[in-house]
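Descriptive structure summary
Take a look at the letters that make up each chain.
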Amino acid sequence: MNIIKLKFEPTATRATGSMYGYATYNEQIKPKIKENEKNIIVFPDNIKAIGISFVRGMMTDEVTKYGKQGVLEHFEFKSNNENLVGKIIKSINF
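Within every chain, residues take consecutive numbers counted from 1 along the sequence as written. Predicted model: local features are reported for residues with pLDDT of at least 70 only, side-chain atom pairs are reported and counted for 80 or more only, and whole-chain, interface and lining totals are derived from all residues. Processing note: side-chain calculations cover all non-hydrogen atoms of the structure and skip hydrogens and water entirely.

1. Observations concerning the pairing of strand β3 (residues 39-42)
Should DSSP find at least two bridges between two strands, the strands are taken to pair. Under the DSSP-based scheme used, a helix requires at least four consecutive residues in state H or I and a strand at least two consecutive residues in state E, with every element numbered from the N terminus. Note that strand β1 (residues 2-5) and β3 share four bridges and pair parallel. Considered in β3, the bridge of I4 is made with I41.

2. Re the nonpolar core
One finds F43 and F77 to be the most contacted residues of the largest nonpolar core, which totals 22 residues. Secondary-structure elements contributing two or more residues to this core are α1 (18-29), α2 (52-74), β5 (75-78) and α3 (82-93). Among the elements that line this core, the one with the most residues is α2, at five residues. The contact criterion used throughout is that any non-hydrogen atoms of two residues lie within 4.5 Å. In contact with F77, other than residues within four places in its own chain, are I41, F43, M58, M59, L72, V85, I88 and I92. We call a set of buried Ala, Val, Leu, Ile, Met, Phe, Trp, Tyr and Cys residues a nonpolar core when their side-chain atoms join them within 4.5 Å. Each residue is placed in one exposure class: buried if its accessible area under a 1.4 Å probe, protein chains only, is under 20% of its type's maximum, exposed if it is over 50%, and partly exposed if it falls in between.

3. Considerations on the sheet that holds β5
Strand order across the open sheet formed by three strands is β1-β3-β5, with parallel pairing between neighbours. Edge positions in the sheet fall to β1 and β5, since each has one partner strand and no second. Neighbouring strand axes in the sheet, compared pairwise and without regard to direction, differ in orientation by 25° on average. All axes are obtained by fitting lines to C-alpha atoms, using only the stretch in contact for helices, and the reported angles, taken between N-to-C directions, cover 0 to 180 degrees.

4. With respect to the packing of α1 against α2
For the pair α1 and α2, interaxial distance at closest approach is 6 Å and the crossing angle is 45°. In terms of their interaxial angle, α1 and α2 are classed as oblique. Crossing of α1 over α2 shows right-handed handedness. Where α1 approaches α2, its residues S18, Y20, G21, Y22, T24, Y25 and I29 are matched on the opposing element by S53, F54, G57, M58, T60, D61 and E62. In these notes the angle categories are as follows: under 35 degrees is roughly parallel, over 145 is roughly antiparallel, 65 to 115 is roughly perpendicular, and the rest is oblique. Helix crossings get a hand from a simple test, with the near helix turned counterclockwise from the far one by less than a right angle marking a left-handed crossing and a clockwise turn marking a right-handed one.

5. Quick word on the packing of α2 against α3
Closest axis-to-axis distance for the α2/α3 pair is 8 Å, and the angle between their directions is 65°. Remark: the crossing between α2 and α3 carries right-handed chirality. From α2, I52, V55, R56, M59, K68, V71 and L72 reach across to α3, where they touch K87, I88, I89, S91, I92 and N93. Asp, Glu, Lys and Arg are counted as charged, while Ala, Val, Leu, Ile, Met, Phe, Trp, Tyr, Cys and Pro are counted as nonpolar; the rest, among them Gly, fall into the polar class. Per-class residue counts for the contact of α2 with α3 are eight nonpolar, two polar and three charged.

Any link to function would need more than the numbers given here.
Now the structure itself:
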């Protein structure tokens, strides 16, 4: 199990925009991915909402590589906000 803890500005409460999602992927996720392990992406407590576009940008390379179902097999998402995790999964499957 490989844990990847994301960092955002402490005052940020939401993550939106595909460009921001893609930048987050390239800067914080991609360099830490372990191919042969389940990668757990942890969102900080201050992030309360997430946009579909952010998730799309964040996971576009991985969806291209693995497909939607494959992403959910290789990655898990954690947050203190269950609604946030549900929205991420729903956005990947959209």
